Amino acid sequence: MSASPMMDGDDILYRIAFENAAVGIAYVSPEGKWLRMNQRVAEMFGYTLTELETLCFQDITHPDDLDINLDYLREVNSGRREGYKLEKRYLHKAGHIVWVNLSVSCIRDAQGRVRYFISVLDDITEQKQIRQALDESEARFRAYQQTSPDGFMIFHSLRDGEGEIIDFVWDFVNPAGEVISQRSRADLIGARMLENMPTHRRLGLFDAYKKVVETGETWQGEVNYPRKSGETIWLRITAARVDDGFAAALQDITDRKDAEMRLLESEDRQRSILDNVVAFVSLLTPDGNILEANTPSLVAAGLQRHEVIGKPFWDCAWWDYDPQVQARMRDAVSRAALGEQVRFDVELNGTDDRRMPIDFQLAPCFDETGCVKQIISSGVDITERKLAEAHREMLVRELSHRVKNSLAMVQAIASQTMRVESSIEAFRESFSGRLRAIAACHDLLIATTRASANISQLVKEQVSPYTSPQAERVSMSGPPLILGPEAAYAFGLILHELATNAVKYGAWSNESGSVIVSWSGGRREDGRKGVIVEWREVGGPEVSPPNRKGFGSVLIEQSLSHSLGGQAHIDYAPEGLTARFQFPAEGVA
């Protein structure tokens, strides 16, 4: 598009105002060629800006208006006139007539010659059509207004000596207008608006009507209007300029407004209920776009309503951590839109990218014809359930591991007992006693609700099945410390694993090795108050680090870190295994 001289050097604010003006603005050469136009001009006439650049204004001017337009232009070119205003007809690209209020001014060079014209075009087609309809069919119009359920009024402007509108005067009112205003036609015709209904100024109606007359722009608004009786009604008012005045259509929308208010109140109640539900709830269209989301679902991911409303469900931040999860959500919505109820476990992306496992459901809602009109999504935090499942799985694995260890221990105890006992009867008595000790140890380990335990007693209970009757093969030392239920159970599992390992591979796998267990209360390596326990094996076979981390090592680490928030360090020195455990003082009763 060629730029007019006027635009050279203009700042960005001027360009924005030019391109976004509500009226058409065009720069025209003295010969009538369009030089530059804003988008509004193109919209008025149905052409693109590129198409208009190939035309002259004469090409789309109505033939009946062309001569007077050209006469004005000749007067401007000759210097007898600087500009002009007129109502003019143009031909739309589609063939119909476009009426405009045309205002033309010119820019001249130093010699007084016209460089280009500035045309401002205001589309008044709708107003002209209204006026023509009134002129052509006044009888038909009045007959219609007499039976219309909507009020209709026509006013003319009352101006002061300087031409300023100071009031409006009734020219016409139909029967529905009398009912709405609670005044008779005889009282209104010829009366002044502000004298009879001063509320028009307070509600801003007078200024709106004045703008309609001055600009020709149609205005529409909804007003809660006080009636003569003292009650208020809701009116939808449409005002359009008619000559030096305006016509106003008044539609009583009180019933609709009341229904809207009741609906809003109902929606507020429903939202309040949803927001107080712990579950994450969203309402979706059958296409999967979000209509509503309750507060818990938004808070869980740190979202605002405007970030999800109207957005596809699967594209929201809850699921954007994994394209496969998004695809699964999209498929689930498609299935629900066909009437299927969908349910599965999935992780929701929460604040700080924390993943929250939820029990997720999609439930279709049907209309009276059996079609899905909406879909309800819901999710319940199942973190505790998942932790319980993981813990149960660990216990199952631990049980399996312990059964295998128990068989190995029974075999080891039987072998050791046979080596030291001289008779079958002595073997039977010693072996049975040790089996009873093992059974008592297992009873202790599975008693998850046991009371607090003295750490020295806990060590004795755990190691006695493996050292009796050679009690000298274990030594214990440390101050009296009482462990709470969680610490007693967790540390009991650790002692059991260490004792089992000592029997199978360590100090108790031969006839000379022994174990030294010591404990103390004090400061841990991180400076916090806690408990320190050391297990040291001596005199056993040469030790080498395992090729892989077995279940026993994993159980020791998980028990200490998960249950007690502690740390474990195991050193597989050749002369014997040494294990050092630290856990917080919270584990001490």
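Throughout, a residue's number is its position along its own chain's written sequence, starting from 1. With pLDDT at 70 or above as the cut-off, local features in this predicted model cover only qualifying residues; side-chain atom pairs require 80 or more to be listed or tallied, and sums for whole chains, interfaces and linings still use all residues. Hydrogens and water are ignored here; the side-chain numbers use all heavy atoms of the structure.

Student: For this particular structure, what's the right way to read the overall build of the protein chain?
Tutor: Within the protein chain one finds 20 helices and 22 strands. With 589 residues in all, the protein chain has 41% of them scored as buried. The contacts in the protein chain between residues at least 6 apart in sequence include a share of 52% that link residues at least 24 apart. Here the Shrake-Rupley method, with its probe set to 1.4 Å, supplies the accessible areas, and only the displayed protein chains count as covering residues. Carbon and sulfur atoms make up 52% of the accessible area of the protein chain, which totals about 31,000 Å². Each helix is a run of DSSP H or I of at least 4 residues and each strand a run of E of at least 2, with the numbering of both proceeding from the N terminus. When accessible area is computed with a 1.4 Å probe and restricted to protein chains, residues below 20% of their type maximum are described as buried, those above 50% as exposed, and intermediate ones as partly exposed. Note on contacts: a residue pair is in contact if any heavy atoms of the two residues lie within 4.5 Å.

Student: When you look at the sheet that holds strand β15 (residues 372-381) in this model, what are you seeing that I'm missing?
Tutor: Paired through backbone hydrogen bonds, the strands of a sheet run either parallel or antiparallel to each other. Read from one edge of the open sheet, five strands run β12-β11-β15-β14-β13, paired in antiparallel fashion. Strands at the two margins of the open sheet, each flanked by one partner only, are β12 (290-293) and β13 (342-349). Shown here is a sheet whose adjacent strand axes are inclined to one another by a mean of 25°, direction ignored. Here strand β11 (residues 280-284) runs beside β15; their pairing, made up of five bridges, is antiparallel. In the strand pairing of β15, Ser-282 is matched with Ser-377. Throughout, an axis means a line fitted to C-alpha atoms (over the contacting stretch in the case of helices), and angles, computed between N-to-C directions, take values from 0 to 180 degrees. Against the sheet, helix α15 (residues 323-337) contacts β11, β13, β14 (355-366) and β15, and its axis sits at roughly 145° relative to β13. DSSP-based pairing: two strands are paired if at least 2 bridges between them are found.

Student: Which parts of the structure should I look at to understand the nonpolar core?
Tutor: Residues grouped as a nonpolar core are buried Ala, Val, Leu, Ile, Met, Phe, Trp, Tyr and Cys residues, joined through side-chain atoms within 4.5 Å. Grouped together as the largest cluster of nonpolar side chains are 31 residues, with contacts concentrated most on Leu-483, Phe-491, Leu-498, Trp-508, Val-533, Trp-535 and Phe-581. When residues of this core are traced back to their parent elements, those giving at least two are α18 (455-467), α19 (485-504), β19 (514-523), β20 (529-538), α20 (551-564) and β22 (576-584). With nine residues, α19 is the single largest residue contributor to this core.

Student: Quick question: what am I supposed to make of the side chain of Thr-254 here?
Tutor: Tracing the chain through its elements places Thr-254 in helix α13 (residues 254-275). On the basis of relative accessibility, which here comes to 16%, the residue Thr-254 falls in the buried class. Polar contacts, as used here, are pairs of N or O atoms within 3.5 Å; protein pairs need one atom able to donate a hydrogen and one able to accept it. Residues neighboring in sequence count only if both atoms are side-chain atoms. Among the polar contacts made by the side chain of Thr-254, one reaches the main-chain amide nitrogen of Trp-234 at a distance of 3.0 Å.

Student: Got a minute to help me understand the environment of Phe-45 in this structure?
Tutor: Mapped onto the secondary structure, Phe-45 falls in helix α2 (residues 39-45). For Phe-45, the residues in contact, after removing those within four places along its chain, are Trp-34, Ile-60, Tyr-90, His-92, Lys-93, Val-98 and Leu-121.

Student: Explain the pattern of salt bridges here, please?
Tutor: For side chains of opposite charge, pairing can occur when their charged atoms come near one another. Only one rule defines a salt bridge in this text: a Lys or Arg side-chain nitrogen within 4 Å of an Asp or Glu carboxyl oxygen. Under the criterion given, the structure shown has 23 salt bridges. The partner of Arg-192 in a salt bridge is Asp-167, and the shortest N-O contact between them spans 3.3 Å. You can see Arg-192 sitting in the loop between α9 (185-188) and α10 (193-196) and its partner Asp-167 sitting in strand β7 (residues 165-173), a full 25 residues away along the chain. By relative accessible area, which is 29% here, Arg-192 ends up partly exposed. Residue Asp-167 is classed as buried on the basis of its relative accessible area, which comes to 2%. Close ionic contact of Glu-222 with Arg-236 constitutes a salt bridge, the shortest N to O distance being 3.1 Å. In this pair, Glu-222 sits in strand β8 (residues 219-226) while Arg-236 sits in strand β9 (residues 232-241), placing the two residues 14 residues apart along the sequence. Overlapping salt bridges, with partners in common, bring together Asp-167, Arg-192 and Glu-195 in one network.

Student: I would appreciate a short explanation of a negative patch on the surface in the present structure.
Tutor: On the surface, Asp-315, Asp-320, Asp-352 and Asp-353 cluster together into a patch of negative charge. Following the sequence through the fold, Asp-352 ends up in the loop between β13 and β14. Patches were defined on residues exceeding 30% relative accessible area and lacking a salt bridge, with like-charge contacts within 9 Å and nonpolar side-chain contacts (Val, Leu, Ile, Met, Phe, Trp, Tyr) within 5 Å. Within this scheme the basic residues Lys and Arg register as positive and the acidic residues Asp and Glu register as negative, but His and the chain ends are omitted. For charged residues, the charge sits on one atom: NZ in Lys, CZ in Arg, CG in Asp, CD in Glu.

Student: How should I be thinking about the packing of aromatic side chains in this particular structure?
Tutor: Given two aromatic rings, their pairing is described by the distance between the two centres and the angle made by the two planes. Between the rings of Phe, Tyr and Trp (Trp by its six-membered ring), a pair exists once the centres lie within 6.5 Å; its type follows the angle of the planes, with under 30 degrees stacked, over 60 edge-to-face, and the other angles tilted. Counted under the stated rule, the structure contains 19 aromatic pairs. Taking 5.3 Å as the distance between ring centres and 50° as the angle between the ring planes, the aromatic pair formed by Phe-344 and Phe-360 counts as tilted. Of this pair, Phe-344 sits in strand β13 while Phe-360 sits in strand β14, and the two are 16 residues apart along the sequence. Working rule: Lys NZ or Arg CZ, within 6 Å of ring centre, within 35 degrees of ring normal, means a charge sits over the ring. Its guanidinium or amino end placed over the ring of Phe-344, Arg-328 lies 3.8 Å from that ring's centre, counting from NZ or CZ.

Student: For this particular structure, what's the right way to read helix α12 (residues 205-215)?
Tutor: Side chains of residues three or four places apart in an α-helix project in the same direction, reflecting 3.6 residues per turn. Among all positions of α12, only Leu-205, Phe-206, Ala-208, Tyr-209, Lys-210, Val-212 and Val-213 are buried. Looking at the residues trailing α12, positive phi occurs at Gly-216, about 80°.

Student: What should I look at first to understand a nonpolar patch on the surface in this one?
Tutor: A surface patch of nonpolar side chains, amounting to about 330 Å² of accessible area, comprises Ile-12, Leu-13 and Ile-16. Take Ile-12: it is sitting in helix α1 (residues 12-19). The exposure class of Ile-12 is exposed, given its relative accessible area of 60%.

Student: Explain the environment of Ala-300 to me, please; I cannot follow it from the model alone.
Tutor: Within the element layout of this structure, Ala-300 appears in helix α14 (residues 295-301). Look at Ala-300 and you get buried, because its relative accessible area is 11%. Expressed as a C-alpha distance, the spacing of Ala-300 and Arg-354, which sit 54 residues apart in the sequence, is 9.6 Å. Apart from the residues within four sequence positions on either side, Ala-300 is in contact with Phe-280, Leu-348, Gly-350 and Thr-351.

Student: Help me understand the confidence of the model for the protein chain in this model?
Tutor: The predicted coordinates should not be examined in detail at positions where pLDDT is low. Per-chain confidence: the protein chain averages 82 in pLDDT, with 81% of residues scoring 70 or above. Per-residue confidence from the predictor is reported as pLDDT, a score between 0 and 100. Here residues 1-7 scores under 50 on pLDDT; set against residues more than four positions off or in separate chains, the count is 19 contacts.

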